[in-house]
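Observations on the three-dimensional arrangement
Spelled out, the chains give:
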Amino acid sequence: NVRDDAVSIVRQVLRDREERAREFARLVAENPALQQKLARGDAAGAEQVFSPLAEHLRLDWAAVVDNRAQVLALHRAEGSQVDFLPQLPQLLGPQAAIAYTTAEEMGGMRFAVARVRVETSGGKPLGAVVVAQALPRELLAKAADIESESQAYEAITRERKTYRWQAVLILLLITILLLLATTWSALHLAQQVTVPIQALAVATQEISQGNLDYRVEVPARDELGNLVTSFNQMTAQLRDSRRRLEQAVAELERRRQWMEAILESIPTGVITLGPHRRILAANDAARKLLGRPVAEGSSLSELLGREAAEACGELFARAGQMGFAAAERELHLEHRIAHVAVSVSALRAGPGEGYVLVLDDLTDLLKAQKAAAWQEVAQRIAHEIKNPLTPIQLSADRIRRYLERLPAADAREDDRYRQLIARCASLIGQEVHGLKLLVDEFSRFARFPAAQPVPTQLNEIVQDALALYADSANGIQFRSELAGDLPAVPADAALLRRVLLNLLENAAEAVARAERKEIVVRTRYLASQKAIELSVTDSGPGISAEDKERLFLPFFSTKPEGMGLGLAIVSRIVAEHHGRIHVEDNRPSGARFVVELPVEAPVLT
Ligand code: ADP
């Protein structure tokens, strides 16, 4: 629209100019003075009238011609070179109209050229006036610009579709490039986030599986970088704490093992119980003392039996109040009666309450004390009895000798008295002899010869002793199971022989009354205890729990004529060899006497 308006304005202006030129031409043509001059053919007069008029109207070029196309007057603006005379015939020519305007180029300028006929009022043609007015150069230039731009615009308009496609293509290309760039930068940015997060996820998995040495090595920036650094610091701290924890646990475990080793190696039985007197743990000595495995969680009466548990029950009540209670108790265990120093401590420290039951087996100690007491009694009795025996014996002998030397009496009465006295004297002599034998046995028990230990092969002693019984077996089957690797023991062979003969004698007496008569002698080496074991097993009636208690005491015998010193002497000999003797039940029946002798004599300090 702007273009069209501009073009129309330019055209309008040009038309306006042309009209002005025509108007000027008409003004000149209608001048009556000029008409008169023309009518007369007065060129000079016409010139006179025309020139001031043309000056006044500021015409660039003007001419007045008569009917014969003769120029009567001519006007040219000052300094102007234009001259339309050559074009005059053309301008005056064919156009019939009174006024006529055209545009002409001259000297690089454009002119609006108007031609108006000069006529009289009666319509008689007198000539014509031709006026040329220059059109403004700038306006023309503008009009030319507008024209050329308009043409260019036309051309562009024609190519608009192509341009549009090109623009669309360029936009599309830019869009694709932008998209590519955005996608690439988005991926790049995303990678900066996702790669560390993925590494962190993997690290978390590794750490949850216990690999605390794992580190996140992925480079990361900003908050993620801080996160990765904190994560690595956290795992390092975790690893350090775990190491410290493991060290502490190992130390605790070492201490626990140490405590356990101490508990297991002491000869005193230790049982720990919970607040409800349920057993938590027991050491090896306790298990040995009780002669049975100790089940965790069992009650005291299940472990010791009802009687023994009751015997200890009152100690628990006292310990509950005072913290500690101790007493000596006789515990009737399954296989034996044990004299035990029982002490109970209540645990008040620590998170849980409970008790510690300490059992000290005094059976052997008491046995030894009793044996020592008996020894002293025996010594005294032997001494006290022996003193009057000799005078009694001598007196009886004297009486007998006196009676023998007495002349034979007649009286029957006398003879009867003599016989009575002689019988009494001989009875006294016999009994004194018997008493002397008893006292001698006493003395042997009391003043026992000290053992002279030399390296001795126990197997040889066993073989010798069994050889003695070979002849007088009395239907008894003797068997020996002797260990081949038995080391020599420091022992007095004569005393050991006595031990074995005593045990064999008792076993033989025990099986005499039994249906199955079998005696087995075994030897074996106890490497862990560095001791050798000698056992004599019989198939006799066995020994009751009460008898087992008193078996090794002097003067305990179940036999009518028994002295009850055999096992007391055996026990002493074994004690002198730093050994131990105990009796246990044989299955299905009978008793087994077990002697343990150390291979190396202990160093006494
Ligand atoms: P004695 O043989 O003089 O009785 P001991 O000291 O040798 O004295 O034995 C004491 C008691 O031990 C015996 O009276 C007997 O009751 C019991 N005894 C010993 N050995 C056995 C055995 N193998 N089987 C059963 N009882 C035994």
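Residues numbered from 1 in each chain as written. Predicted model: local features only at pLDDT ≥ 70, side-chain atom pairs only at ≥ 80, totals over all residues. Heavy atoms only, no water.

This paragraph deals with a nonpolar patch on the surface. A cluster of nonpolar side chains, contributed by Leu169, Leu172, Leu173, Ile176, Leu177 and Leu180, occupies part of the molecular surface with about 610 Å² of accessible area. In this fold, isoleucine 176 is placed in helix H6 (residues 160-208). Take isoleucine 176: its relative accessible area is 44%, and that puts it in the partly exposed class. (Patch = residues over 30% accessible without salt bridge, like charges linked within 9 Å, V, L, I, M, F, W, Y side chains within 5 Å. Areas by Shrake-Rupley, 256 points an atom, 1.4 Å probe, with all protein chains shown as cover. Salt bridge = Lys/Arg side-chain N within 4 Å of Asp/Glu carboxyl O. Helix = DSSP H or I, 4+ residues; strand = E, 2+ residues; numbered from the N terminus. Buried < 20%, exposed > 50% of the residue type's maximum accessible area, 1.4 Å probe, protein only.)

Turning our eyes to something else, we now look at the site of the ligand. Lining the immediate environment of the ligand, one finds 18 residues, of which Asp538, Ser557, Thr558, Lys559 and Leu567 sit closest. Measuring from an oxygen atom of the ligand, one finds a side-chain N or O atom of threonine 558 at 2.3 Å. Here an oxygen atom of the ligand and a backbone polar atom of glycine 566 are 3.4 Å apart. Burial of the ligand by the surrounding chains reaches 90%, relative to a free accessible area of 530 Å². When atom positions are compared with the pocket grids, the ligand is found to occupy the second largest pocket. (Near = heavy atom within 4 Å. Polar contact = N/O pair within 3.5 Å; in protein donor to acceptor, adjacent residues only side chain to side chain. 1 Å grid on protein atoms, 1.4 Å probe; cavity = no way out; pocket = protein on both sides within 12 Å on 5 of 7 lines; lining within 4 Å. Sits in = over half its atoms within 2 Å of the grid points.)

Turning next to the packing of aromatic side chains. Per the counting criterion, the structure on display carries five aromatic pairs. Their ring planes at 80 degrees and their centres at 6.3 Å tell us that phenylalanine 552 and phenylalanine 593 sit as a pair that is edge-to-face. Here phenylalanine 593 lies in strand E17 (residues 591-598) and phenylalanine 552 lies in the loop between helix H15 (545-550) and helix H16 (566-576), a separation of 41 residues in the sequence. Given a relative accessible area of 7%, phenylalanine 593 falls into the buried group. (Phe/Tyr/Trp six-rings, centres within 6.5 Å; stacked < 30°, edge-to-face > 60°.)

Relative to the assigned elements, glutamine 133 resides in strand E5 (residues 125-134). From its side chain, glutamine 133 meets the backbone nitrogen of aspartate 60 in a polar contact 3.0 Å long. Among residues more than four places away in sequence, those in contact with glutamine 133 are Ala21, Phe24, Arg58, Leu59, Asp60, Arg110, Phe111 and Ala112. (Contact = heavy atoms within 4.5 Å.)

Turning to the packing of helix H14 (residues 493-512) against H16, a few remarks are in order. Look at H14 against H16: their axes get within 9 Å of each other, and the N-to-C directions meet at 145 degrees. Crossing of H14 over H16 shows left-handed handedness. Counting all contacts with H14, which are made through Leu495, Arg498, Val499, Asn502, Leu503 and Asn506, the residues of H16 involved are Gly566, Leu567, Ile569, Val570 and Ile573. Of the residues assigned to the contact of H14 with H16, the class counts are seven nonpolar, three polar and one charged. (Axes fitted to C-alpha atoms, helices over the stretch in contact; angles between N-to-C directions. Left-handed = near helix turned anticlockwise from the far one by under 90°. Nonpolar A, V, L, I, M, F, W, Y, C, P; charged D, E, K, R; others polar.)

For the largest pocket, the calculated volume is near 1900 Å³. Around the largest pocket, the lining is made up of 46 residues, and of these Arg336, Asp361, Asp364, Arg580 and His582 lie nearest the centre. Mapped onto the lining of the largest pocket, the elements with two or more residues apiece are helix H8 (284-290), strand E10 (354-361), helix H11 (363-405), H15, H16, strand E16 (580-585) and E17. Here the element with the most residues in the lining of the largest pocket is H11; it accounts for seven residues. Residue composition of the lining of the largest pocket, by class: 17 nonpolar, ten polar and 19 charged. Looking at the second largest pocket, it is lined by 32 residues, and the ones nearest its centre are Asn506, Glu509, Ser557, Lys559 and Leu567. Broken down by secondary-structure element, the contributors of at least two residues to the lining of the second largest pocket are helix H12 (412-446), H14, H16 and E17. With eight residues, the top contributor of residues to the lining of the second largest pocket is H14. Looking at the lining of the second largest pocket, its residues break down into 14 nonpolar, eight polar and ten charged. (Points joined across faces, edges and corners; volume = space filled by probe spheres on them.)

In total, this model carries two cavities of 30 Å³ or more according to the counting rule given. Of the voids in this model, the largest cavity is the one considered here, and its volume is about 50 Å³. As for the largest cavity, its lining consists of His339, Thr363, Leu366, Lys367, Lys370, Glu549 and Leu553. Counted by class, the lining of the largest cavity contains two nonpolar, two polar and three charged residues.

Quick look at the pattern of salt bridges now. Applying the stated rule across the entire model yields 28 salt bridges. Between arginine 26 and glutamate 23 there is a salt bridge, and its shortest N-O distance comes to 3.2 Å. Of this pair, arginine 26 and glutamate 23 are both found in helix H1 (residues 2-29), three residues apart, which corresponds to roughly one turn of the helix. Under the relative-accessibility criterion, glutamate 23 is labelled partly exposed at 41%. Taking the shortest distance from any N to any O, the salt bridge between arginine 287 and aspartate 284 comes out at 3.6 Å. Taken together, the residues span about one helical turn, with arginine 287 and aspartate 284 both in helix H8 at a distance of three residues. Here aspartate 284 falls in the partly exposed class, since its relative accessible area comes to 28%. Through salt bridges with shared partners, a single ionic network connects Arg479, Glu481, Arg516, Glu518 and Arg522.

Once that is clear, we can look at the sheet that holds strand E8 (residues 324-332). Working definition: the strands of a sheet are paired by backbone hydrogen bonds and lie parallel or antiparallel to each other. The five strands are arranged E7-E6-E10-E9-E8 in an open sheet whose pairing can be described as antiparallel. Since the sheet does not close on itself, it has two edges, and those belong to strand E7 (279-282) and E8, each with one partner. In this sheet, neighbouring strand axes are inclined to one another by 25 degrees on average, regardless of whether the strands run parallel or antiparallel. Relative to E10, strand E6 (residues 269-273) runs antiparallel, the two being bridged by five bridges. The residue bridging valine 270 from the neighbouring strand is valine 358, located in E10. (Pairing = 2+ DSSP bridges.)

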